Amino acid sequence: MTTLTDTPPPVAAAHAPAGAGLDLLGWLATTDHKRIGIMYGIAALGFFLAAGVMALVMRAELAVPGLQLVTEQGYNGLFTIHGTAMMLLFATPMVAAFANYLIPLQVGAADMVYPRLNALSFWLFLFGGLVVLSGFLVASGPADIGWTGYPPNSTLPYSTTTGTDLWIVGLLLTGVASILGALNFVVTIFTRRAPGMSMFRMPVFTWSMLVTSILILYAFPAITAALIMLLLERRFGAEFFNPSAGGDPVLWQHLFWFFGHPEVYIIALPFFGVMGETFPVFSRKPLFGYRAFVLATIFIGAYSMTVWAHHMFTTGAINLPFFSATSFIIAVPTGVKFFNWIFTMIGGKLWFPAPMLWSVGFLFTFLFGGITGVLVASAPLDFQFQDTYFVVAHLHNVLVGGSVFAMWAGITFWFPKFTGRRLNEPLAQAHFWLWTIGFVVTFLPQYQLGAWGMPRRYADYPAAPGWTELNVVSTIGSFCIAASVVVFLVAVVEALRRPRDAGPDPWQANSLEWWADSPPAHHNFRSLPPIRSARPVFDARVAAREAQRGGAEDRP
Amino acid sequence: MIRRLLLLDHPQETRFFLFVGAFGLALATVYWFLTYEVAGTVLLLGFGAGAGLLGVGLYRSRPGAVRAGADAARRDADASEAGRDGGDASAVDQVTAGGEDVPGGGAGGVDTPFSTPLGRLPGETLAPLALGLGMALGLTAVVFGPWLLVAGLVPLAWGAWTWLTAARDELRAAVRQEAPETAPDLAPDLVADTGER
Amino acid sequence: MSRRPGWRAIGGLALGFAVAGCLPAPVTSQGREVARLYGTFLLIAALVAIVVLGLAIFAILRYRGAPGDDELPPQVHGNLKFEALWTGIPLVTIVGLLVLTVLVLNSFNDAVRANASVEVRVTGFRWGWRFVYPNDGVVMEGIGAPGPELYVPVGENVRVTMTGEDVIHAFYVPQFLFKKDAIPGHENQFAFTVDEAGRYGGQCAEFCGIYHSRMPFTVVAVPRAEYDEWLAANRGLAPSLATPEPSLVTAAPTQLAPEATGPYESVEPTVQPSVTTSP
């Protein structure tokens, strides 16, 4: 078993230019958006593995009633750091990884506008993440407050671990990193687009990242403020959340979820954008309803700022119909996207390499996350489901069934671009099937457990009829997921041991990054095709083919 | 007239921020009168005002190329078919870019109204790593004590100094190179400004 | 634990697929409304799933490209009518769902405003509950498992006013299909009417620290006569609120008898509830 702070260095080593060995100083000192993107990705995957191991320990503990593996305090630390790491040290930086690597390429630029700031974002995120995880090394243990950190439970008389302070400090650092990164993305998209690339000719991933970056710019300051308040309260005697001194614990919930719900879309919208790239390529058609897709992205982004308190339905401190209404409304633009993806496939000529398998898998699994989202958006239904395993299953269905499926699609799709090599297709497909089976087996039983009323964040549960069986099933599924990740790592190592053979455009794709070499040269492009649509590389390919045919006809 | 009201003469970028800002302010208003809840209203107002101010900023900085392009597009639209978007003027002639001037664009057609010259891309530097390390150590001092703050100040100071001097040198070089032709108004200020340091 | 784990797992998986999302049988009139609403939502969810998955499966089966086929399919960019259709229909649907939601919420609010024959003040603390009947001079308090009992008469509107003493807790009875937070500095009100006599397990549902999983309680719904007897037997035993002692902070985990936590349905407790009363 890996230790919790392990990041996988072999992959990092293998990404160095062929024959150059490990150019360590070059990586530490880099300002190249591609290298920063890859470092983001590797670090995020490292945190993913660590948080995944925590999840396995928790599932093993929960397999049967009673405490077998960990103490209650240990369990509380595990689910706190698991949630924090998955949301803020894996999913959000993984978004930054894709964005860093792809935005300059997709808009036809040489680099980000602020390359040094970009590097600073990465290092702040990495150090912040390590500070959060370092809670496992201090004597009193990691933060034990849940990833939502609700006061007063997270304030001093109640959470005494040093890990909680480290959690605050670490998240402050990663929050600043996210804000700086988002600023860089917005400015790059606005000022570095190649000639001819109007806003409505941008690839949908870049569009999604634009909206996502705006969300980051307005959501992360809220959590940063809240964390500073919590730190002041714990360390310097402030009383923001202490009701006996005139404070209000619900204020934290407002601030946290004003960040926390947009955060869900911050790690969903970019991956919706990835789906907007893969479905057209593997259907060999343009995205059905490009403009509708973009407008839906903007609407989802805007509405996601107005739904925060649907996490607070049971507090009795908010307006229930308002937040039910705004939460329901988000289903409409999300539905538009679903139909965009499906109608991209209809009438196409589909083929199913690993990225397309992940995309279709995303469609099926994310649908159930979306539907259960409508259920919990109804306040009376949420009164039953709030803080039970139903919500646990729902949020994993959205974040894993949605974002992470799409992330795997993105990784397998752009892997030839990142490394110059294709993944071994049978291994990549085995990864998909193991993951998908594991995912369904893990989270489907949790819906039923939650509907029966099993609360989340319980280290132990009573042996009520059916509970043990479903928990055993869920635990088996989680180990199936772990096995699939091992297969993925094997596939990556296998690919990196081969010579580069992918070529610039292995998928016959559409957007500008496929015009550059694989991996792209230092400042990305030696030339650019004319940009007259959202699919410049497609246009160039068609034009070249027609020129070839025309030439053949001219010279009989 | 409708074009003017919908700001179709303005770039997509501007309309995007104005729309988001208007949405935030409208929802803040609705939210306040439904709930009289302060925290959420302030947050929504901040969201709306923040996006809206950016939109207003872009609106006021509407580049001349956009104005000209939009006028041309309108004439085209009047003459032939209904034009779709001012910022999407496909009438602008495209060239297959090649060679040195490609990265970053900068040609400044109406398709990319806020495009800026590429400037210089920095080479490899350890300054961001040092700065990040310094900030992390310094902030962790809140947990473990002020000695960490001292430990953090060293890389922080070195990183900041290295970064800022490199940026100053690049700015000087860029201004020296571009001052005569491209930025006659801007250049003297910049030179004077950087010269003072 | 007598059967082999493999069979348990297979049985569990089958159970999971067969019943995914079944609610416990509701025992309050409010719970029945929630269950009805849930049924409507599930029906619409099933319709949506059938349409979307049907289309996706159709696309996957029907439009597979042949290997070596180099010709591009027709490059369709969109269809405004379709797009209007799949924006409009969901919009109408969610307006309907919103109306149903608001109707149930209004009926919850009506119950809070209506006359209540029983008033209870509920306080959650680390890690136990205090139930105060201010009009009857009865205080029930319990720490850890099996927790205190909340006696209510069957068929009568019970109004609860709730707060938290230290951190945020949540009052959750699965068979009520309802929970509400107990927040320090806030007073939350809700009302319920239990329709069937019985014992209904409840639990804290908002993470409140190390022994979060060990603060259950039981709602005991009895006929009016029995309820009055119970009140009389307990009246005056605890005229003032007692501060819990010994607190769970100092209690060793093993003292809390986790095996007595009890499943969340109506069962007789094996031991008498640990009611601490301070005369």
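Quick caveat: nothing in here was measured; it's all calculated off a predicted structure.

1. Comments concerning the overall build of chain C
Thought 1: The helix and strand tally for chain C stands at 4 helices and 10 strands.
Thought 2: The order of α-helices and β-strands along chain C, N terminus first, is α-α-α-β-β-β-β-β-β-β-β-β-β-α.
Thought 3: Buried positions account for 50% of the 279 residues belonging to chain C.
Thought 4: The long-range fraction of contacts in chain C, counting pairs at least 24 apart against all pairs at least 6 apart in sequence, stands at 72%.
Thought 5: Of the roughly 12800 Å² of accessible surface on chain C, a fraction of 62% belongs to carbon and sulfur atoms.

2. Details of the overall build of chain B
Thought 1: In terms of regular secondary structure, chain B is built from 7 helices and 0 strands.
Thought 2: Counting across all 197 residues of chain B, residues that qualify as buried make up 42%.
Thought 3: By element, 65% of the accessible surface of chain B is carried by carbon and sulfur atoms, the whole surface being about 10800 Å².

3. Let's talk about the sheet that holds strand 7 (residues 178–182) of chain C
Residues and elements named next belong to chain C.
Thought 1: Pairing is mixed in the open sheet, where 5 strands are placed in the order 4-10-9-6-7. With one partner strand each, in any of the chains shown, strand 4 (149–153) and strand 7 form the two edges of the open sheet. Pairs of neighbouring strands in the sheet enclose a mean axial angle of 25 degrees, with direction left out of account.
Thought 2: Sheet topology note: the strand 6 (residues 169–173)/strand 9 (residues 198–204) ladder contains 2 bridges and is antiparallel. The residue of strand 9 that forms the bridge with Y172 is Q203.
Thought 3: Contacting strand 4 and strand 10 (217–222), helix 4 (residues 224–234) runs over the sheet at an angle of about 135 degrees to strand 4.

4. A look at the interface of chain A and chain B
Frequently, the measure chosen for interface size is the accessible area removed from exposure when the parts meet.
Thought 1: The interface of chain A with chain B comprises 72 residues on the first partner and 66 residues on the second.
Thought 2: Roughly 5800 Å² of surface becomes buried between chain A and chain B when both sides are summed, with 73% attributable to carbon and sulfur atoms.
Thought 3: If you sort the residues of chain A by the area they bury against chain B, R116(A), F190(A) and Y218(A) come out on top, with a joint share of 13%.
Thought 4: Remark: the boundary between chain A and chain B carries 2 salt bridges.
Thought 5: Seen at the junction of chain A and chain B, the total is 9 residue pairs in polar contact (both at pLDDT 80 or more).
Thought 6: Mapped by element, the contributors of at least two residues to the side of chain A that touches chain B are helix 2 (24–28), helix 5 (115–133), helix 6 (162–191), helix 7 (204–235), helix 8 (249–266), helix 10 (290–304) and helix 11 (320–345) of chain A.
Thought 7: Looking at the side of chain A that touches chain B residue by residue, the class counts come to 48 nonpolar, 13 polar and 11 charged.

5. Notes on the nonpolar core
Thought 1: In this structure, W207(A), W435(A), Y133(C) and F171(C) are the most contacted members of the largest nonpolar core, which totals 300 residues.
Thought 2: It is helix 4 (residues 72–107) of chain A that provides the largest number of residues to this core, a total of 22 residues.

6. Comments concerning helix 3 (residues 38–60) of chain B
Residues and elements named next belong to chain B.
Thought 1: With 23 residues, helix 3 should reach 33 Å at 1.5 Å per residue; the first-to-last C-alpha distance of 32 Å fits that figure.
Thought 2: For helix 3, every residue scored as buried is listed here: A39, G40, T41, L43, L44, F47, G48, A51, G52, G55 and L58.
Thought 3: The opening residue of helix 3 is E37, an N-cap whose side-chain oxygen sits 2.9 Å from the backbone nitrogen of A39.

7. With respect to the state of the cysteines
Residue and element names in this part refer to chain C.
Thought 1: Enumeration over the complete set of coordinates arrives at 0 disulfides over all chains.
Thought 2: No disulfide involves C208; its sulfur sits 3.9 Å from that of C204, the nearest cysteine.
Thought 3: Classification of C208 by relative accessible area gives buried; the value is 0%.

8. Let's talk about the interface of chain A and chain C
Thought 1: Each partner contributes to the interface: chain A provides 102 residues, whereas chain C provides 93 residues.
Thought 2: Summing both partners gives a buried area of about 8100 Å² for chain A against chain C, and 70% of it is carried by carbon and sulfur.
Thought 3: The tally of links from chain A across to chain C stands at 3 salt bridges.
Thought 4: D69(C) is paired through a salt bridge with K349(A); the nearest N and O atoms lie 2.8 Å apart.

9. Quick look at the pattern of salt bridges
Thought 1: All told, the structure shown has 25 salt bridges over all chains when counted by the stated rule.
Thought 2: Here R224(C) makes a salt bridge to D228(C), at a shortest N to O gap of 3.4 Å. Note that R224(C) and D228(C) are positioned in helix 4 at a spacing of 4 residues, about one turn of the helix.
Thought 3: We classify R224(C) as partly exposed; its relative accessible area is 32%.
Thought 4: Several salt bridges share partner residues, and in doing so they unite D165(A), R234(A) and R235(A) into one network.

10. Regarding the confidence of the model for chain B
Reading predicted coordinates in detail is not appropriate for stretches of low pLDDT.
All names here are of chain B.
Thought 1: Here chain B averages 72 in pLDDT, while 62% of its residues score no lower than 70.
Thought 2: Mean pLDDT in chain B bottoms out at helix 7 (residues 186–196), which sits at 36, and peaks at helix 5 (residues 127–144), which reaches 94.
Thought 3: Long-range and interchain partners of residues 80–109, a stretch whose pLDDT sits below 50, account for 61 contacts in this model, where long-range means more than four residues apart.
Thought 4: The low-confidence segment residues 182–197, where pLDDT is below 50, has 12 contacts with residues more than four positions distant or belonging to other chains.

11. Structural notes on the packing of aromatic side chains
Residues and elements named next belong to chain A.
Thought 1: If you walk through the whole model with that rule in mind, you get 97 aromatic pairs over all chains.
Thought 2: Of the aromatic side chains, those joined through ring pairs into one cluster are F48, F90, W358, F405, W408, F432, W433, W435, F439, F443 and F488.
Thought 3: Over the aromatic face of W27 sits the side chain of R35, whose NZ or CZ is 4.4 Å from the ring centroid.

12. Structural notes on the sheet that holds strand 1 (residues 118–125) of chain C
All names here are of chain C.
Thought 1: The 5 strands are arranged 3-2-1-5-8 in an open sheet whose pairing can be described as mixed. Every other strand in the sheet has two partners, leaving strand 3 (138–143) and strand 8 (188–193) as the edge strands with one partner each. Averaged over all pairs of adjacent strands, the angle between their axes in this sheet comes to 20 degrees, without regard to strand direction.

13. Let's talk about a nonpolar patch on the surface
Thought 1: On the surface, I228(A), L232(A), F236(A) and F240(A) cluster together to form a nonpolar patch covering roughly 350 Å² of accessible area.
Thought 2: Given the relative accessible area of 32%, L232(A) is considered partly exposed.

14. Comments concerning the confidence of the model for chain C
All names here are of chain C.
Thought 1: Summing up the model confidence of chain C, the mean pLDDT is 81 and the portion of residues at 70 or higher is 77%.
Thought 2: Across chain C, the element-wise mean pLDDT spans from 58 in helix 1 (residues 5–19) up to 96 in strand 6.
Thought 3: Under a pLDDT of 50 for its full length, residues 239–279 has, in the predicted model, 79 contacts with residues more than four places off or in other chains.
Thought 4: Both scores are available for the predicted complex, with the pTM at 0.87 and the ipTM at 0.89.

15. Points about the pairing of strand 7 of chain C
Looking along a regular strand, one sees the side chains alternate between the two faces of the sheet.
Residues and elements named next belong to chain C.
Thought 1: Most of strand 7 sits out of view: 5 of its 5 residues are buried.
Thought 2: Neither face of strand 7 is open: one carries F178, K180 and A182, the other K179 and D181, and all of them are buried.
Thought 3: Two successive antiparallel strands, strand 6 and strand 7, enclose a turn made up of 4 residues, where L177 displays a positive phi of approximately 55 degrees.

16. Details of the packing of helix 10 of chain A against helix 2 (residues 12–35) of chain B
Thought 1: Contact pair helix 10 of chain A / helix 2 of chain B: the axes reach a minimum separation of 10 Å and the direction vectors enclose 35 degrees. The handedness of the crossing between helix 10 of chain A and helix 2 of chain B is right-handed. For the pair helix 10 of chain A and helix 2 of chain B, contact is made by I298(A), F299(A), A302(A) and Y303(A) and by F16(B), F19(B) and F23(B), respectively.
Thought 2: Across the contact of helix 10 of chain A with helix 2 of chain B, the residue classes tally to 7 nonpolar, no polar and no charged.

17. Structural notes on the environment of F415(A)
All names here are of chain A.
Thought 1: Summarising the element assignment, F415 is placed in helix 14 (residues 389–419).
Thought 2: The spatial distance from the C-alpha of F415 to the C-alpha of H311 is 37 Å, given a sequence separation of 104 residues.
Thought 3: When near neighbours in sequence (up to four residues on either side) are disregarded, F415 contacts G410, G420, R421, R422, L423, V492, A495 and L496.

Basis of the calculations
- Residues numbered from 1 in each chain as written.
- Chains lettered and ligands numbered in written order.
- Predicted model: local features only at pLDDT ≥ 70, side-chain atom pairs only at ≥ 80, totals over all residues.
- Heavy atoms only, no water.
- Helix = DSSP H or I, 4+ residues; strand = E, 2+ residues; numbered from the N terminus.
- Buried < 20%, exposed > 50% of the residue type's maximum accessible area, 1.4 Å probe, protein only.
- Contact = heavy atoms within 4.5 Å.
- Areas by Shrake-Rupley, 256 points an atom, 1.4 Å probe, with all protein chains shown as cover.
- Pairing = 2+ DSSP bridges.
- Axes fitted to C-alpha atoms, helices over the stretch in contact; angles between N-to-C directions.
- Buried area = accessible area lost by both parts, 1.4 Å probe.
- Salt bridge = Lys/Arg side-chain N within 4 Å of Asp/Glu carboxyl O.
- Polar contact = N/O pair within 3.5 Å; in protein donor to acceptor, adjacent residues only side chain to side chain.
- Nonpolar A, V, L, I, M, F, W, Y, C, P; charged D, E, K, R; others polar.
- Core = buried A, V, L, I, M, F, W, Y, C linked by side-chain atoms within 4.5 Å.
- Expected span 1.5 Å × (residues − 1).
- Disulfide = S-S within 2.5 Å.
- pLDDT = per-residue confidence, 0-100.
- Phe/Tyr/Trp six-rings, centres within 6.5 Å; stacked < 30°, edge-to-face > 60°.
- Lys NZ or Arg CZ within 6 Å of the ring centre and 35° of its normal.
- Patch = residues over 30% accessible without salt bridge, like charges linked within 9 Å, V, L, I, M, F, W, Y side chains within 5 Å.
- Left-handed = near helix turned anticlockwise from the far one by under 90°.

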